[in-house]
Amino acid sequence: MKTLIQGGFVVGFNGTEHEIFKDGVVVYEGNRIEFVGKEYTHPVDKKIDAKGCLISPGFIDTHFHSGINAGDYLLNDSTKRDFFASNYLAHGGPTREGAKHAHLKDVDVGQRFSLIHLLKSGVTTTFEIGGPGGDPERYVNMVDEVGVRCYTGPSYKNVSFFHDPEGRLEYDWNDERGSEGLKKAVEFAKKFAGACNGRMNTMLFPGHVDSCTPELLQQTRKAAKEIGVRVQIHATINLFEFHTVMRLHRCTPIELLKKIGFLDPEVSLSHCIFISGHSWLAYPYGDDLKIIADSGASVAYSPLKYLKLGIVMESFDRYLKAGINMGIGTDTFPKDLISDIRYAALGSRVAERSFMAGHPRDVFNAATLGGAKMLGRDDLGRLQKGAKADIAIVNLGDIAFGAVRDPIRSLVETAVSRDVRTVIVDGETLVDNGQYLRHNEQELLETVQAKSEQIWQTLPKWHWSGKSVDEVVPPSFRIS
Ligand SMILES: [Zn+2]
C-alpha cells in the first residue's frame, strides 16, 4: 500500500544534510520511503493530511532503559550527599538482606509502559540497555507487540552494589559474574538479531568503566567484532567512577578505555560527562575529548538526567566541534526526547556562556543522523527515498507555537511529546491523534500507578536507611 503524507514542513534529506520542504509531501510504500519533495503526481492508496505539522524522521534515542519506569525515578532522582550526584548508585544498591524486595517485580508492565511512553515522543528507534536481562523470550515478544525499532541486549558487569545499614556502598567483585554475563549477552545477540520482523537488532552493553574489569571490556570488544555488533558502555558518568578509575589505574576513564584498545567507531559512550577539564573534577590535565574524537567513538548524551542533578556537559558544542558524533538519550523520567533536545541546546548555552551555542540544527541532527551514524545505519534518521518508513508527525498548529518560520527552531524551543500526533515505524502507524493504538493508555497508566505505589511502599525493606518514601524523597507539600 502506498501512503502519501501531505505536510506541513517536511524534513527531507539530500544525501548530505536535512532540508525543509514547505507544503511538502512524503510517500512511503510498505516499510520504505518512496518519495520526499514538493509534489507527487502518481496515484496513491491513502492520504494523511498533516498540514500545519512537521513531518520529521522518527527520532533515535541513543540511551534508554525500559526496566526503570515512572515509579522508580522518583527514587533515582534523589541521591545521597556523599555520592556527589552519583544517582544510580544511591538507587541501585539495596541492602544485602533487602535485595530480594527491591524494584518493580512486574517487569513487563514497567517495560511496556516505558517503551510506549518513548514512542509517543516521536522515537522510532531506541537503544535499550539491559531490557532483555531477565527473560529474553518474553522481552522480545513484548517489543514485537509494542512495535518500536530497538537495538538491545542484556547488560553485564563484574560488580554488584550493596549498601550496609550505615549507608556505606560496598562493591562485590566477581570475575565469573562478568564473563557469564558476557556469554549470555553474546548468546542473546546472536539469537535475536533481526527478530521482530527485522526491527530488533542487538548490541553488547558492558555496565560501566568502574564496574567491569579491563579484561571483561577487552573480551567484550573481541566478541562484538566476532559477531558483528556495536557496543555501548556507561563512561565518565559520575565522580565516583572518575575517582575509582583514577585510584585503581592512575588515569581517567577515557584514558583507560584508550589504553585497553576499547575505543573505535563501533563504540558509543553513554553520558560521557566527566572528561578531563570538566569544572567538577579539578583535573585539568590530558585531553579526553581529543582521545574520543581521534578514536571515532560516539557520545550518547542524556541532558535532563544531568540537569536534574545540577550538572551540564561542558559542552555539547565543544564535543561536536572536536569532531565527535553526538546522540541524545532519555536516561530519566519523563522519557521525552523532544524535551531532551531542548535541554541539550540550553545546557550547551549555559556551559559555553553563549547564546550562539546549542543551535537547534545541531541537536536535531544528534536526535536523527547522529543516532543513525552510531548504529552504522544510512536508512534511519532521515526521510529519503529508500530509507525506512520511520516517521514522526508533530503538530505545530497549537497556539503554543505562535507563528512558525523555522520549524526546527519551533520544535526545539517549544514542542513536547504531547505535540506528537502520529508515529509510524517500519510503515506501521503506532500512534495516531496522539494516542497509542495497540494498548488502552488509561488502563496502562492505572496499572503503572498501582505498581509504583507498591514500589514506594517496599522502600523501607531494601533501602539502607530503612525509611519511608516520604522521608527519603520528601513531597513538595504535606499530602493528607
Ligand atoms: Zn544508563
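Criteria and thresholds
The numbering scheme is per chain: residues are counted from 1 as the chain's sequence reads. In keeping with the model being predicted, local features are shown solely for residues with a pLDDT of at least 70 and side-chain atom pairs are shown and tallied solely at 80 or more, while totals for entire chains, interfaces and linings include all residues. As a rule here, side-chain values cover all heavy atoms of the structure and leave hydrogens and water aside. Note on donors: an N, O or S atom is included if it sits within 2.8 Å of the metal, or within 3.2 Å for Na, K and Ca, and water is never included, so sites can look incomplete. Segments assigned H or I by DSSP are reported as helices when at least four residues long, segments assigned E as strands when at least two residues long, and all are numbered from the N terminus. Only protein chains enter the calculation, and the probe is 1.4 Å; a residue is then buried if its accessible area is under 20% of its type maximum, exposed if over 50%, and partly exposed in between. Where each domain starts and ends follows an automatic or database-derived domain assignment. We call two residues contacting when some pair of their heavy atoms lies within 4.5 Å. Here the quantity called buried area is the accessible surface, traced with a 1.4 Å probe, that two parts lose on coming together, added over both. By definition here, a salt bridge exists when the distance from a side-chain nitrogen of Lys or Arg to a carboxyl oxygen of Asp or Glu is within 4 Å. As used in this structure description, the phrase polar contact means that two N or O atoms lie within 3.5 Å; if the pair is within protein, one of them must be able to donate a hydrogen and the other to accept it, and residues adjacent in sequence are counted only when both atoms belong to side chains. By convention a nonpolar core is built from buried Ala, Val, Leu, Ile, Met, Phe, Trp, Tyr and Cys residues, the set being connected through side-chain atoms within 4.5 Å. At least two DSSP bridges between two strands are needed for those strands to be called paired. Pairing of aromatic side chains requires ring centres within 6.5 Å, counting the rings of Phe and Tyr and the six-membered ring of Trp. Pairs whose planes differ by under 30 degrees are stacked, by over 60 edge-to-face, and all others tilted.

Caption draft 1: Local environment of the coordination of the zinc ion. Protein coordination at the zinc ion: the donors are H63 (NE2), H65 (NE2) and H234 (NE2), at 2.0 to 2.1 Å from the metal. The sequence pattern formed by the donor residues of the zinc ion is H-x1-H-x168-H. Remark: H234 occurs in strand β13 (residues 230-235) and H65 occurs in the loop between β6 (59-61) and α1 (70-76); sequence separation between them is 169 residues. Residue classification places H234 among the buried positions, given a relative accessible area of 9%.

Caption draft 2: The arrangement of the domain arrangement of the chain in detail. Partitioning the chain into domains gives domain 1 (2-57 + 384-434) and domain 2 (59-375). Placing the centre of domain 1 and that of domain 2 at their C-alpha centroids yields a distance of 29 Å. At the interface, 27 residues of domain 1 touch 28 residues of domain 2. Between domain 1 and domain 2 the total buried area reaches about 2100 Å² when both faces are included, carbon and sulfur atoms providing 67% of it. On the surface where domain 1 and domain 2 come into contact, there are two salt bridges. Counting every contact that joins domain 1 to domain 2 gives eight residue pairs in polar contact (both at pLDDT 80 or more). Of all the secondary structure elements, the ones that give two or more residues to the side of domain 1 that touches domain 2 are β1 (2-13), β5 (46-57), β17 (391-395), α14 (407-414), β18 (420-425) and β19 (428-432).

Caption draft 3: The arrangement of the nonpolar core in detail. Of all hydrophobic cores here, the largest spans 110 residues; its most connected members are L204 and L269. For this core, the two domains that each supply at least three residues are domain 1 (2-57 + 384-434) and domain 2 (59-375). Here L204 is in contact with Y156, L182, A185, V186, T220, A223, A224, V229, R230, V231 and Q232, once residues within four sequence places are set aside.

Caption draft 4: Examining the pairing of strand β4 (residues 32-37) more closely. When strand β3 (residues 25-29) meets β4, the two strands line up antiparallel, connected through five bridges. Of the residues in β4, the one forming a bridge with V25 is G37. From the end of β3 to the start of β4, which pair antiparallel, there are two residues, and G30 there has a positive phi angle of about 60 degrees.

Caption draft 5: The packing of aromatic side chains, seen in detail. This structure, assessed with the given rule, holds 10 aromatic pairs. Centre to centre, the rings of F113 and F333 are 6.3 Å apart; their planes meet at 20 degrees, and the pair counts as stacked. Here the residue F113 occupies a position in helix α3 (residues 107-119), and F333 occupies one in the loop between β16 (326-328) and α12 (337-352), the gap between them amounting to 220 residues. Using a relative accessible area of 10% as the deciding quantity, one classes F113 as buried. Ring plane angle 40 degrees and centroid distance 4.8 Å describe the contact between F188 and F192, whose orientation is recorded as tilted. Here the residue F188 and the residue F192 both occupy positions in helix α5 (residues 175-192), the gap between them amounting to four residues, near one helical turn. There is no split in this pair, since F188 and F192 are both buried. Among the aromatic residues, those joined into a cluster by ring pairs are F242, Y283 and Y285.

Caption draft 6: Representation of the side chain of N158 in the model. Examined against the element boundaries, N158 turns out to sit in the loop between β9 (155-156) and β10 (159-163). Look at N158 and you get buried, because its relative accessible area is 1%. A polar contact is formed between the side chain of N158 and the backbone nitrogen of T213, at a distance of 2.7 Å. With residues up to four places along the chain from it excluded, the contact list for N158 reads D172, W173, N174, D175, R177, G178, S211, C212, T213 and L216.

Caption draft 7: Quick peek at the environment of G24. Relative to the helices and strands, G24 resides in the loop between β2 (18-22) and β3. Residue class for G24 comes out buried when judged on its relative accessible area of 0%. For G24 and M1, which are 23 residues apart along the polypeptide, the C-alpha to C-alpha distance reads 20 Å. When residues no more than four places from it in sequence are discounted, the contact partners of G24 are I5, Q6, G7, G8, V10, G37 and K38.

Caption draft 8: Region of interest: the pattern of salt bridges. Tallying each qualifying case throughout the model produces 27 salt bridges. A salt bridge links K183 to E180; the nearest nitrogen and oxygen atoms lie 3.9 Å apart. Taken as a pair, K183 and E180 lie in helix α5 at a separation of three residues, close to a single helical turn. The class of E180 is partly exposed, set by a relative accessible area of 37%. With a shortest N-O distance of 2.8 Å, D379 and R377 are connected by a salt bridge. Accessibility classification places D379 together with R377 in one group, the buried group. One salt-bridge network, held together by shared partners, links D108, R112, R138 and E145.

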